[in-house]
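Chain residues, written in single-letter form:
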Amino acid sequence: MKFHSPDYVRSMAPYQAGKPVSELAREYGLLESDIVKLASNENPLGMPESARQAMMAAAGDLGRYPDANGFELKAAISARYKLPADWITLGNGSNDVLEIAAHAFMQPGESAVYSQYSFAVYALATKAVGARAIVVPVREYAHDLEAMLAAITDDTRIVFVANPNNPTGTFHPADRIADFLKRVPERVVVVLDEAYNEYLEPGLRFDSSRWVHEHPNLLVVRTLSKVYGLAGLRVGFGLAQAELTDLMNRIRQPFNVNSIAQAAAIASLADDAFVERSYQINREGLARVQSGFAKLGLTYIPSFGNFVLVNVGDGAAVYESLLRSGVIVRPVANYGLPQWLRISVGLPEENERLLAALAKAVGRPAP
Ligand SMILES: *Cc1c(COP(=O)(O)O)cnc(C)c1O
């Protein structure tokens, strides 16, 4: 190689995204309208109408830079979570917030702790700054919080916890997380990634923003990409006390959330009816696909998100067969789960398409 790149960059594997509908259409000669994409945990309802209108209005003023401090969006988040605006970090997707945290708190020679089978971005963000990953084996496919605590070393700077977790869909209730937070040393930043929080049944939801007041080392991360239906716009945010937020703000690109995204996020966050409808559709769809998997004799991990991890035996072969039926799901061999597929919950008709195609792929009658 003629040019230099750090070994830790050369050792990284790029993020593998879900296959886009347009790509499958091109490759297999299918009509885009006949393709069902259940690969990226997107909201099957698409984006809310309220956000569309806000975007149209904002689109008239794109000659100017976005508000670098996101005043109005932070005001909306601040009102909702009852914490000051200078406790909020906006991100170009919550991915961005995760990366900003890695840059702000780690350097080569230091380490991050996260779970086996947790979100791929934790590994990427850790490696991108030359830090070392301490990967803690799961316990029954879920984060082993005790083992994660025990894995923290003197050079550990961040512990990443996804709750519910992707790709496993597992969840730890409030008391377990609260206990964990109390026991992590205060010099270690806990990144609590709650991308699927709004999909929890009301009885399981808890107000993690309250914990931010108690723990100066806690960063709660949320996204507009899932229940709020704005995955294509890239908006997420972090909630943490001012000192931690200030450090992240030094690393953040000044205009990391564009004007249209800021406007849409404000509308979407206020659209309770859309969120409720999204929750209900997911609740019913999740029950349907899980019972379908059971009828097909497939093992799955009961999910607390908008997707399910299901054991299909030969993940690559079944993925390929589903593609031929026009259904895109997510292979997870790169997570070390070659027998499994991660399948997002869709609209009722999409779930039926999936179950029929899956039945065909595994040679069983449609459930
Ligand atoms: C989908 C997801 C996100 C959201 O990523 P964005 O960059 O906000 O689209 C974050 N964390 C986890 C665990 C996810 O599954």
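See the structure shown above.
Throughout what follows, the structure given in this document is the object of discussion. Remember, it's a predicted structure, so these values are computed and weren't measured experimentally. (Residues numbered from 1 in each chain as written. Predicted model: local features only at pLDDT ≥ 70, side-chain atom pairs only at ≥ 80, totals over all residues. Heavy atoms only, no water.)

Looking at the site of the ligand
Lining the immediate surroundings of the ligand are Gly93, Ser94, Asn95, Phe119, Asn166, Asp193, Ala195, Tyr196, Thr223, Ser225, Lys226 and Arg234. Interatomic distance of 2.5 Å between a side-chain N/O atom of threonine 223 and an oxygen atom of the ligand. Serine 225 is positioned with one of its side-chain polar atoms (N or O) 2.6 Å from an oxygen atom of the ligand. Against a free-state accessible area of 390 Å², the protein chains account for coverage of 94% of the ligand. Looking at the shell around the ligand, its residues break down into three nonpolar, six polar and three charged. (Near = heavy atom within 4 Å. Polar contact = N/O pair within 3.5 Å; in protein donor to acceptor, adjacent residues only side chain to side chain. Areas by Shrake-Rupley, 256 points an atom, 1.4 Å probe, with all protein chains shown as cover. Nonpolar A, V, L, I, M, F, W, Y, C, P; charged D, E, K, R; others polar.)

Here's the deal with the nonpolar core
One finds Ile77, Phe180 and Leu239 to be the most contacted residues of the largest nonpolar core, which totals 57 residues. The element that contributes the greatest number of residues to this core is helix 11 (residues 259–269), accounting for seven residues. When near neighbours in sequence (up to four residues on either side) are disregarded, isoleucine 77 contacts Lys82, Ile88, Leu90, Phe237, Leu239 and Leu269. Phe105, Val121, Val129 and Trp340 belong to the second largest nonpolar core, which has 34 residues in total. (Core = buried A, V, L, I, M, F, W, Y, C linked by side-chain atoms within 4.5 Å. Buried < 20%, exposed > 50% of the residue type's maximum accessible area, 1.4 Å probe, protein only. Helix = DSSP H or I, 4+ residues; strand = E, 2+ residues; numbered from the N terminus. Contact = heavy atoms within 4.5 Å.)

Focus: the environment of tyrosine 300
The residue tyrosine 300 is located in strand 9 (residues 299–301) in this model. We classify tyrosine 300 as partly exposed; its relative accessible area is 25%. For the pair tyrosine 300 and threonine 168, spaced 132 residues apart in the sequence, the C-alpha separation amounts to 9.3 Å. With residues near it in sequence (within four places) discarded, tyrosine 300 still touches Gln290, Phe293, Ala294, Val308, Leu309, Val310 and Trp340.

Comments concerning the packing of helix 3 (residues 49–58) against helix 11
The interhelical angle for the contact between helix 3 and helix 11, taken along N-to-C directions, is 145°, at an axis separation of 8 Å. Relative to helix 11, helix 3 is oriented so that their crossing is right-handed. On helix 11, the residues touching Ser50, Ala51, Ala54, Met55 and Ala58 of helix 3 are Ser259, Ile260, Ala263, Ala264 and Ala267. Along the lines of polarity and charge, the residues of the contact of helix 3 with helix 11 split into eight nonpolar, two polar and no charged. (Axes fitted to C-alpha atoms, helices over the stretch in contact; angles between N-to-C directions. Left-handed = near helix turned anticlockwise from the far one by under 90°.)

Re the pattern of salt bridges
Within this structure, the stated rule accounts for 14 salt bridges. Between glutamate 146 and arginine 183 there is a salt bridge; the shortest N-O distance is 2.7 Å. Here glutamate 146, found in helix 7 (residues 145–151), pairs with arginine 183, found in helix 8 (residues 174–183); they are 37 residues apart in sequence, far enough to count as distant. Since its relative accessible area comes to 46%, glutamate 146 is described here as partly exposed. When the shortest N-O distance is used, the salt bridge between arginine 324 and glutamate 320 registers 3.2 Å. Taken together, the positions of arginine 324 and glutamate 320, both in helix 13 (residues 315–324) and four residues apart, correspond to about one turn of that helix. Overall, arginine 324 belongs to the exposed group, its relative accessible area being 57%. (Salt bridge = Lys/Arg side-chain N within 4 Å of Asp/Glu carboxyl O.)

Brief notes about the side chain of serine 225
For serine 225, the position within the fold is in the loop between strand 7 (218–223) and strand 8 (236–239). With relative accessibility at 7%, the residue serine 225 sits in the buried group. Side-chain polar atoms of serine 225 contact the side chain of arginine 234, separated by 3.4 Å. When residues no more than four places from it in sequence are discounted, the contact partners of serine 225 are Leu230, Ala231, Arg234 and Val235.

Considerations on the sheet that holds strand 4 (residues 132–136)
Taken in spatial order, the seven strands make up an open sheet running 2-8-7-6-5-3-4, and their pairing is mixed. Edge positions in the open sheet fall to strand 2 (88–91) and strand 4, since each of these has one partner strand only. Sheet twist, expressed as the mean angle between neighbouring strand axes with direction ignored, is 20°. Of the strand pairs in this sheet, strand 7 and strand 8 are connected by four bridges, and their pairing is antiparallel. Following the sheet pairing, arginine 222 is matched in strand 8 by phenylalanine 237. Lying on the sheet, helix 5 (residues 94–105) is in contact with strand 2, strand 5 (156–162), strand 6 (189–193), strand 7 and strand 8; it crosses strand 7 at an angle near 155°. (Pairing = 2+ DSSP bridges.)

Some details on the pairing of strand 6
The buried fraction of strand 6 amounts to five of the five residues, a majority that puts the element mostly inside the structure. Alternating positions in strand 6 separate into two faces, Val189, Val191 and Asp193 on one and Val190 and Leu192 on the other, with burial throughout. Two elements, strand 5 and strand 6, share five bridges in a ladder whose sense is parallel. Its bridge partner being in strand 6, isoleucine 158 is matched across the sheet by valine 189. Taken together, strand 5, helix 8 and strand 6 constitute a β-α-β crossover, and its handedness is right-handed. Sheet topology places strand 6 next to strand 7; four bridges connect them, and they run parallel. What sits directly across from valine 190, in strand 7, is leucine 218. One crossover worth recording links strand 6 to the parallel strand 7 by way of helix 9 (residues 208–214), and it is right-handed. (Right-handed = clockwise from strand over helix to strand, strands pointing away.)

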